[in-house]
Structure formats: C-alpha cells, structure tokens
Amino acid sequence: MIRKAVIPAAGFGTRFLPATKSQPKEMLPIVDTPTIQYVVEEAVASGITDILMVIGKGKRAIEEHFDRNWELESELEAKGKLKELADIRRISDLANIHFVWQKELRGLGDAVLCGREHVGSEPFAVLLGDTVMDGVRKPVTRQLMDVFDRYQESVVAVEEVERAKVSRYGVIKGKCVTDSLYLLEDFVEKPAPSEAPSNLVIASRYVFTPDIFDFLGRTGRGKNNEIQLTDAMRQLVRSRAMYALQFSGVRYDIGNKLDFIKTNLVFGLKQKDLARPLKSFVKSLRV
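Residues numbered from 1 in each chain as written. Predicted model: local features only at pLDDT ≥ 70, side-chain atom pairs only at ≥ 80, totals over all residues. Heavy atoms only, no water.

**As for the nonpolar core**
Point 1. In terms of nonpolar packing, the biggest core is built from 35 residues, with Ile7, Val40, Ile48, Ile51, Met53, Phe66 and Val207 touching the most fellow members.
Point 2. Of all the secondary-structure elements, those providing two or more residues to this core are strand S1 (4-9), helix H1 (35-45), strand S4 (50-55), strand S6 (124-127), helix H7 (140-151), strand S8 (154-160), strand S11 (200-208) and strand S12 (242-246).
Point 3. Per-element accounting of this core gives the leading share, five residues, to H7.
Point 4. In this view, Ile7 contacts Ile36, Val39, Val40, Ile51, Leu52, Met53, Val54, Leu127 and Gly129; residues no more than four positions away in its chain are not counted.
Point 5. Counting residues in each nonpolar core, the second largest holds 30 residues, with Val119, Ile172, Phe187 and Ile202 among its members. (Core = buried A, V, L, I, M, F, W, Y, C linked by side-chain atoms within 4.5 Å. Buried < 20%, exposed > 50% of the residue type's maximum accessible area, 1.4 Å probe, protein only. Helix = DSSP H or I, 4+ residues; strand = E, 2+ residues; numbered from the N terminus. Contact = heavy atoms within 4.5 Å.)

Here's what the structure looks like:
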C-alpha cells in the first residue's frame, strides 16, 4: 500500500515574475484556493496520508498555509464565520505534512532525491506542485496507484498531445498493454516531431518503487546542468519493468501565464456562485 508522497515545490517560478519575487508560484490562487492545496487534496483523495514537500528559498508561505493560524481562527470564531473557520482548519488536518529544503536548485531529480530519507524503502507517489489534475472518475494519482497495486512496478502518467508540440515534453516509447496502459521501453526528452517515438508525454504524476533513489544518486547533471528525473527513469526502465498510464482526466499546467488564466476561468465557471456572472462577463467581452 502506498501511503507517502513527495511534492517538489522549490523552483523560482520565473515565468510569473514579479508576482513570484516574494510569493511561491505554488501559492498562486486558482480562484480562491492555492494551487498547492489542490495538489495535496488530490494526494489525500488518493489515499496518501504522509506528504513531504520539497521547498526552497522564499517558500515559507507554503509551510504557513498548511499550519494552524490561531489568531485568524479566533477572529473568525468571534465573528461567527463558522464556514470559513471550518475551511481553514481542514487545511491543516488534510495529512501529515513535512518539509525539507532543497538547498541548491539542481533540478527535479535532485528534488525527488531529497525525499530519500523520508520515504525509506516504501513505494511512493510524486506530484508536481504546479500542476492540477482533474480526474474524471477518480484522482489521477489514485489511477497510478491502482496500476502499481496490480503490477508492483513504477508507473508514470502520460497524456496525448499534438505531434507538433512534442518538442516541449518528455515523450515515451513503449508497447501497448491495454487501451491506456503501456510497458515502457525508453524516454526521449523534447524530441523533434519527426523523431518522436509517440505523441504521449509525461504528465506531472508518478509512482515509484524506492530503487529510483539509487538511480537518482548515480545520475549526473544533464540538461540545463540539472539532475533530470527523466535520466534516472531511463536507467530504471533498463533494469526492471515500468509502465505508463494514459490517465482519465484533464491536466491543468499552472506553470505558464496563459494556462494559469485559462485554469482560473474553468474553475471559476465550476463554482455555482460565480458561473452565471462570469459566463455573462466573458460573452460581453469585445477585446
């Protein structure tokens, strides 16, 4: 049973400057809820009870968000704002959340490696802190965990993109097992469309056996002088089976401005009190 997750959240978020100069990009709100909270809620809904967040300089607000705020709670209680009080108390009770600092930003692979002591010898999930997943029937991380439960091997979430866009992503090469499951053979990082082995790309959610840490520990700096998680996964797939699941749901990438705005619009339209006036406003635009 998988009960632990690692959430890397140490990056600078330079594409959102100046907003992220003193505020973590993971705390940028989708309507009224920080992105990172959606990620934690997905993990919890998947059955995760123990979460390690890998943070860096300027990320203290993430710690404070998941901690109790006694003064605010007292203020809300005194004013009779019981719904708001329940909402913020729930945040600190979501899971056992721990924090570790990535002292030097050496890439996603290094961030995951920071979780080695916390995870130990258990299988674990990795959820990127700047991507929100909306599973259709069940959380995307739970979908990966179900595959792990069956095969007892690492599994990564993938999604289909237009072949013209594969050069933006890590692309998988694999053999189809079922309509949505692939036995992996290799990964290709940001290939030219004509050289891509498929149009299925890695999509921000993973479940790993603990031996991924051994491969990360032996992985040198690669692209952008960083320790790349994909490089370690390529080593892993050569030594044992690994799967890719074309998940059921929608991925919202909060890492760039356009998709961040689109995501806020979509989630705003999902809220009953906002849907009608927001839709009316969008229809009235003459920009």
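**Examining the pairing of S6**
Point 1. Here S6 shows two buried faces, one formed by Phe124 and Val126 and the other by Ala125 and Leu127.
Point 2. Note that S1 and S6 share two bridges and pair parallel. Bridge assignment links Val6 to a residue of S6, and that residue is Val126.
Point 3. Across four bridges, S6 lies against S11 in antiparallel orientation. Paired with Val126 across the strands is Tyr206, a residue of S11. (Pairing = 2+ DSSP bridges.)

**So, unusual backbone geometry**
Point 1. Put simply, Leu17 and Pro18 share a cis peptide bond, and its omega is 5°.
Point 2. Within the secondary structure, Pro18 sits in the loop between S1 and strand S2 (29-30).
Point 3. Here the phi dihedral of Val31 falls at roughly 65°; this positive angle occurs in a residue that is not glycine.
Point 4. If you trace the backbone, Val31 turns up in the loop between S2 and strand S3 (33-34).
Point 5. In this structure, Ser204 is a non-glycine residue whose phi angle is positive, near 75°.
Point 6. Of note, Ser204 is situated in strand S11.
Point 7. By relative accessible area, which is 8% here, Ser204 ends up buried.

**Notes on the pattern of salt bridges**
Point 1. Taken as a whole and judged by the stated rule, the model has 23 salt bridges.
Point 2. Two residues, Lys25 and Asp130, come together in a salt bridge whose shortest N-O distance is 3.0 Å. In this pair, Lys25 sits in the loop between S1 and S2 while Asp130 sits in the loop between S6 and strand S7 (131-135), placing the two residues 105 residues apart along the sequence.
Point 3. Glu63 is paired through a salt bridge with Arg60; the nearest N and O atoms lie 2.6 Å apart. With a gap of three residues between them, Glu63 and Arg60 both fall in helix H2 (residues 60-65), about one helical turn apart.
Point 4. Judged by its relative accessible area of 19%, Glu63 is buried.
Point 5. Here the salt bridges share partners, and the residues they tie into one network are Lys138, Arg142, Asp146 and Asp149. (Salt bridge = Lys/Arg side-chain N within 4 Å of Asp/Glu carboxyl O.)

**Topic: the packing of helix H10 (residues 257-270) against helix H11 (residues 272-284)**
Point 1. Relative orientation of the contacting elements H10 and H11 amounts to 125°, with a least axis distance of 6 Å. It follows that H10 is oblique to H11 by the angle criterion. Contacts from Leu265, Gly268, Leu269 and Lys270 of H10 reach H11 at Lys272, Leu274, Ala275, Leu278, Lys279 and Val282.
Point 2. Its residues assigned to classes, the contact of H10 with H11 comprises six nonpolar, one polar and three charged. (Axes fitted to C-alpha atoms, helices over the stretch in contact; angles between N-to-C directions. Parallel < 35°, antiparallel > 145°, perpendicular 65-115°, else oblique. Nonpolar A, V, L, I, M, F, W, Y, C, P; charged D, E, K, R; others polar.)

**Brief notes about the packing of aromatic side chains**
Point 1. Scanning all chains against the criterion turns up seven aromatic pairs.
Point 2. On the numbers, 6.0 Å between centres and 45° between planes, the contact of Phe124 with Phe208 is tilted. Of this pair, Phe124 sits in strand S6 while Phe208 sits in strand S11, and the two are 84 residues apart along the sequence.
Point 3. By relative accessible area, which is 0% here, Phe124 ends up buried.
Point 4. Looking at Phe208, the relative accessible area reads 0%, which means it is buried.
Point 5. Here the aromatic cluster, defined as three or more aromatic residues joined through ring pairs, consists of Phe124, Tyr206, Phe208 and Phe213.
Point 6. The aromatic ring of Trp70 is capped on one face by Arg68, whose charged end is 4.1 Å from the ring centroid.
Point 7. Over the ring of Phe267 we find Lys270, and its NZ or CZ is 4.7 Å from the ring centre. (Phe/Tyr/Trp six-rings, centres within 6.5 Å; stacked < 30°, edge-to-face > 60°. Lys NZ or Arg CZ within 6 Å of the ring centre and 35° of its normal.)

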